[in-house]
Amino acid sequence: MPHFYKRLIAMVLMCGLSIAAVRGLPVAFPASTLGELHYMQSNTPSVGTVMTIDGEAISAEEYAFYFLDYANAWNSMLASMGMSWSNVWTEEEFLEQVRSSVEQELTERRATIELVDRYNIHLTRDQIDEALDMKQQSIDSLGGYEGFLDQLQQIGMTEIMFNNRLYSTYAYQRVNEVLFGEGGEYRTPLEDLRAYMDENYLRAKHVLISKDTEGAEALAAEVAQRAQAGEDFDELVVMYGEDPGMMQQPDGYIFMEGEMVDEFYQGTKALEVGGISDPVSSDFGWHIIQRLPITDELLELNRDYICQLMEAYSIDDLLADYAAGMEVVKNEELYNAIDLYTVQDYLIAADDAEPATDGDGAEPADGAEPVEDATAADDAEAAEPASDAE
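Residues numbered from 1 in each chain as written. Predicted model: local features only at pLDDT ≥ 70, side-chain atom pairs only at ≥ 80, totals over all residues. Heavy atoms only, no water.

Asker: Describe the overall build of the chain, and please don't skip the residues or the numbers.
Answerer: What the chain contains, in helices and strands, is 14 helices and seven strands. Evaluated residue by residue, the chain yields a buried proportion of 47% over its 390 residues. Put simply, of all contacts in the chain between residues at least 6 apart along the chain, 76% involve residues at least 24 apart. As displayed, the chain has an accessible area near 19,500 Å², and 48% of this comes from carbon and sulfur atoms. (Helix = DSSP H or I, 4+ residues; strand = E, 2+ residues; numbered from the N terminus. Buried < 20%, exposed > 50% of the residue type's maximum accessible area, 1.4 Å probe, protein only. Contact = heavy atoms within 4.5 Å. Areas by Shrake-Rupley, 256 points an atom, 1.4 Å probe, with all protein chains shown as cover.)

Rendered as structure tokens:
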């Protein structure tokens, strides 16, 4: 299951945002509470608190929204593979999977907020404008503010919950940039990237001459001799090379054992950096190989990918560590009462929906009231488990 911050935000948000951000000025209040887009403690009227996470209360209504969101997300993901949750889990196991997913999102959201406050991290003006513009587009597409609130209410969400999820998405990206970006406290040192790549990967170019080419072996010997004598290797690739991949990757291949034919791998490994081989035979033909250095520039250009390969300490690891140290106190009676059959009974009611009116960029129109819930309360009596809802 993808990390929760990498999923689409419910209903109207899109991911894949490119962020360029700078650290904000020191302030006297927690950074997460400042600005036009910020984190707010939800004040939803509640039948009770399901849990507290480091003292932050999670209401039954908010918990029920996330519960239903994850139940549907798991069900949709499995449906895309031609399965349902019952093909994978028992009902009890599915219930625990949903509860675990919800708790992970909520604790890691809390961890993100605590990191924002601890390091005084602020969203940039561009980030805020982009987020608020995205929200405004959603409002416009739904016919205005009332339609927006109505749509949120239909999925059991309030505007504050919407804003918090939007803020948390940007905050996650910003924390990652500040703490794992250039100069960041948790940035993987370049020396570690180099040690990993030097131990596991090689880089090389080659001139490939197919054995179907007339006089292939003699031509390969001639090209190797010219290359070893100092002739421009790239020009030899253009003149004689028959590997179309070299046209697509003119800077050469970076590979580990098993990713290339063994003759090519062993031929490259036998060379010193900068060395040029005699012709190496494989099923593809004759290879004249030039071993290349894995430069600092390449390491930095591919930093994120290399960190994934080497399983370097990441923002997700940091959040998980923070979350593991949090005090989570559950109201066991209410926690156990919200399940696959009852979850919709706990969603926010239309009359209780809370507009956010503290300068977050989406004020209600004069006299606007949240639209009433279109779902009949009587439907709860015949409810099936939420996980089976399509």
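Asker: Lay out the sheet that holds strand S1 (residues 49-53) with the relevant residues and their values.
Answerer: Working definition: the strands of a sheet are paired by backbone hydrogen bonds and lie parallel or antiparallel to each other. Spatially, S2-S1-S7 is the arrangement adopted by the three strands of the open sheet, whose pairing is antiparallel. Two strands in the sheet have a free side with no partner beyond their single neighbour: strand S2 (56-59) and strand S7 (328-330). On average, adjacent strands in this sheet sit at an angle of 20° to one another, irrespective of strand direction. Here S1 runs beside S7; their pairing, made up of three bridges, is antiparallel. Looking across to S7, one finds that Ile53 is bridged to Val328. Strands in contact with helix H1 (residues 60-79) are S1 and S2; relative to S2, the strand with the most contacts, it is inclined by about 65°. Against the sheet, helix H2 (residues 91-118) makes contact with S1, S2 and S7, and its axis sits at roughly 150° relative to S2, the strand it touches most. (Pairing = 2+ DSSP bridges. Axes fitted to C-alpha atoms, helices over the stretch in contact; angles between N-to-C directions.)

Asker: Please set out helix H6 (residues 190-200) residue by residue, giving values where relevant.
Answerer: The set of residues buried in H6 consists of Leu193, Tyr196 and Met197. All buried residues of H6 fall inside an arc of 95° around its axis, so they share one side. Of the exposed residues in H6, the ones pointing more than 90 degrees away from its buried face are Glu191 and Glu199. Packing partners of the buried residues in H6 comprise strand S4 (253-255), helix H11 (296-301) and helix H12 (303-309). (Arc of directions from axis to C-beta.)

Asker: Talk me through the packing of aromatic side chains; I want residue IDs and the actual numbers.
Answerer: Applying the stated rule across the entire model yields 13 aromatic pairs. Their ring planes at 90° and their centres at 5.4 Å tell us that Trp74 and Trp89 sit as a pair that is edge-to-face. One end of the pair, Trp74, is in helix H1; the other, Trp89, is in the loop between H1 and H2, and 15 residues separate them in sequence. The burial state of Trp74 is the same as that of Trp89; both residues are buried. A centroid spacing of 5.2 Å and a plane angle of 85° characterise the contact between Phe148 and Phe162, whose relative ring orientation is edge-to-face. Separated by 14 residues along the polypeptide, Phe148 in helix H4 (residues 145-154) and Phe162 in helix H5 (residues 159-180) bring together distant segments of the chain. On the basis of relative accessible area, Phe148 is assigned to the buried category, the value being 0%. Exposure remark for Phe162: the relative accessible area of 0% places this residue in the buried category. (Phe/Tyr/Trp six-rings, centres within 6.5 Å; stacked < 30°, edge-to-face > 60°.)

Asker: So what's going on with the pairing of S1? Residues and values would help.
Answerer: Side-chain direction in a regular strand flips from residue to residue, so the side chains alternate between the two faces of the sheet. Sheet topology note: the S1/S2 ladder contains four bridges and is antiparallel. What sits directly across from Thr52, in S2, is Ala57. Adjacent in sequence and paired antiparallel, S1 and S2 are bridged by two residues, among which Asp54 carries a positive phi angle near 50°.

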